[in-house]
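# Architecture and fold: a report
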Amino acid sequence: MPKKIYIFDTTLRDGEQSPGASLNTHEKLEIAKQLERLGVDAIEAGFPIASKGDFQAVRTIAQNVRKPVIVALARAVKQDIDRAWEAIQYAAKPRIHTFIATSDIHMKYKLKMEPEEVLKRAVEMVSYAKTLCDDVEFSPEDGTRTRPEFLYKILEVVIDAGATVLNIPDTVGYAMPDEFGALIRGIRENVAGIENVILSVHCHNDLGLAVANSLAAIQNGAQQVECTVNGLGERAGNAAMEEIVMALKTRSDLFDYYTDIVTEQIYRTSTMVSHLTGMHIQANKAIVGSNAFAHESGIHQHGILSNRQTYEIMTPESIGLKQSQMVLGKHSGRHAFEERLKELGFSNLTQDEINVAFERFKDLADKKKYVMDKDIEALINEKVLKVPETYELEYFHISSGNTLVATSTVKISCDKGVYEEAACGDGPVDATFKAIDRAIGVEVKLEDYYLRAVTSGKDALGEVTVKISKNGDIYIGRGLSTDIIEASAKAYINAINKMILAQNGKNGNQI
Ligand code: KIV
Ligand code: ZN
């Protein structure tokens, strides 16, 4: 009888700690709803003590996403635990996740605490969390560099204090698969009461082994894996959810385990997370990279045409990637468009959202002969990003060339009126961004600019992602157009609108 492996998704907490990945409450809620459709068992929604924005996002998710367990992170500190509980108390299934470092190096240099004090604090804080919430997870941070006897000891005492889930983090991504598997087996064999709790693992990817380590842990008795979509996370990231899930499914001949993940939702989830965080997926990334199911060489193509299994160990359909690139055009009607949306996995859209999407599709079909699936996905993802538009681009005009100084004129509207400004710059994008700064009267730093073509072809939609910063906070904006200067201007204004929204306190800033 296959055993269930619980999927604990920490994209919104550890994933969002990636440098440059920053999400507002609205975006986190969209991702949490998608994670629910994906079928994850638990969502770590954030670290409520870290900032007002994090607190608000965790609380909003706890109130609106009812199927998975909603987890809030807290150091083993009373104020953290109180704040975590405040954020998740109305969740259908709340869990407090508290942690303290247990390796000699962390206890000595970071915590400046003796091991006995760490043990005492862990017991006190798990007991305290238990007075608030039935479900309490405990993590000994830097678990893989902790002396095993000390690890066993602390796990035993927190079980006695009421912990329901024990999570072993490879915080610095140091472990090797055999070694990590042996550690998990050692815990199973040496910790009294371990059979009464869920044993979990949390692997970082510094040596590229996070997924291998998670699988080794499963084979040695771990029942929960903590992971992120696209392997997002601090430094080299966390174990990639889609890789663990598809490894278990594809090699079910080796692994007698299953997950409740609806694998057909993987591609959609991955795309959404990538769009909203502005963290692009490398083309050769396993499972969700754009080349993951592409067959370039003649020999491979020949094999695939005879029998897909010659070079394909799983189908693109199994992760929700549709093979057919059905083309729509300006004569396609609303019915065909709606059907295509459903086939692409966008069955949760409201009627208003479909109306907006259809209008955008018609605009695009006027400019572009064939509208492909990827165009439609980009249009919908842009809609998800929508924040209240304080400022909107009315028009822009550029003059540029290899012998001219680029100049740009923009007209921007808001409810207070219309502003028109011009500026020169190093190229048309720079000139346009400077003209927008002048028109709106803001000063922000451009941290990153990324342009990609959504499909191939000279009339492809250009998708621009910009990251801007103000006072250390990062805001990500996206813009879509067949004209790349227009896409750039829209992305830049979108990022500024998000900044204004955060500053108005409707959405808090990120840590
Ligand atoms: O990597 C880590 O140790 C963590 C803990 C908070 C679980 O993220
Ligand atoms: Zn971590």
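Residues numbered from 1 in each chain as written. Chains lettered and ligands numbered in written order. Predicted model: local features only at pLDDT ≥ 70, side-chain atom pairs only at ≥ 80, totals over all residues. Heavy atoms only, no water.

## Topic: the overall build of the protein
A count of helices and strands for the protein gives 16 helices and 16 strands. Its C-alpha atoms give the protein a radius of gyration of 25 Å, near enough to 24 Å, the size a compact globule of 511 residues would have. C-alpha extents for the protein along the principal axes are approximately 70 × 60 × 45 Å. By residue count, 55% of the 511 residues in the protein fall in the buried class. Of the contacts made within the protein by residues no fewer than 6 positions apart, 67% connect residues no fewer than 24 positions apart. Looking at the protein as shown, the accessible area adds up to about 22,100 Å², and 51% of this sits on carbon and sulfur atoms. A gap of 2 Å separates the mean positions of the 58 positive and 71 negative side-chain charges of the protein. (Helix = DSSP H or I, 4+ residues; strand = E, 2+ residues; numbered from the N terminus. Rg over C-alpha atoms; globule rule 2.2 N^0.38 Å. Buried < 20%, exposed > 50% of the residue type's maximum accessible area, 1.4 Å probe, protein only. Contact = heavy atoms within 4.5 Å. Areas by Shrake-Rupley, 256 points an atom, 1.4 Å probe, with all protein chains shown as cover. Lys, Arg positive; Asp, Glu negative; His and termini not counted. Charge placed at Lys NZ, Arg CZ, Asp CG, Glu CD.)

## A short note on the domain arrangement of the protein
Per the domain assignment, the segments making up the protein are domain 1 (3–277), domain 2 (293–324) and domain 3 (392–506). For domain 2 and domain 3, the distance between their C-alpha centres works out to 39 Å. (Domains from an automatic or database assignment.)

## Here's the deal with the site of ligand 1
What surrounds ligand 1 is the set R13, D14, H97, F99, S139, E141, N167, P169, T171, H202 and H204. In this structure, H202 approaches ligand 1 through a side-chain N or O atom, which is 3.1 Å from an oxygen atom. Contact distances for ligand 1 include 3.0 Å between an oxygen atom and a side-chain N or O atom of H204. At the level of secondary structure, the elements contributing two or more residues to the shell around ligand 1 comprise strand 5 (94–101), strand 6 (136–141) and strand 7 (165–170). Of the residues belonging to the shell around ligand 1, the class tally is two nonpolar, six polar and three charged. (Near = heavy atom within 4 Å. Polar contact = N/O pair within 3.5 Å; in protein donor to acceptor, adjacent residues only side chain to side chain. Nonpolar A, V, L, I, M, F, W, Y, C, P; charged D, E, K, R; others polar.)

## Some thoughts on the packing of helix 3 (residues 78–88) against helix 5 (residues 115–132)
Viewed as axis vectors pointing N to C, helix 3 and helix 5 meet at an angle of 25 degrees, and their least axial separation amounts to 10 Å. Classified by the interaxial angle, the pair formed by helix 3 and helix 5 is roughly parallel. The crossing of helix 3 and helix 5 is right-handed. Across from K78, I81, D82 and W85 in helix 3, the residues of helix 5 making contact are M125, Y128, A129 and L132. Looking at the contact of helix 3 with helix 5 residue by residue, the classes come out as six nonpolar, no polar and two charged. (Axes fitted to C-alpha atoms, helices over the stretch in contact; angles between N-to-C directions. Parallel < 35°, antiparallel > 145°, perpendicular 65-115°, else oblique. Left-handed = near helix turned anticlockwise from the far one by under 90°.)

## Looking at the coordination of the zinc ion (ligand 2)
Around the zinc ion (ligand 2), the protein supplies D14 (OD), H202 (NE2) and H204 (NE2) as donor atoms, at distances of 2.0 to 2.1 Å. Judged by relative accessible area, which is 3%, D14 ranks as buried. Classification of H202 by relative accessible area gives buried; the value is 4%. (Donors = N, O, S within 2.8 Å, 3.2 Å for Na, K, Ca; no water.)

## Observations regarding the packing of helix 2 (residues 52–64) against helix 3
Between helix 2 and helix 3, the shortest axis-to-axis distance is 7 Å and the interhelical angle comes to 40 degrees. It follows from the interaxial angle that helix 2 and helix 3 lie oblique. In contact with F55, V58, R59 and A62 of helix 2, helix 3 contributes R83, E86, A87 and I88. For the contact of helix 2 with helix 3, a count of residues per class yields five nonpolar, no polar and three charged.

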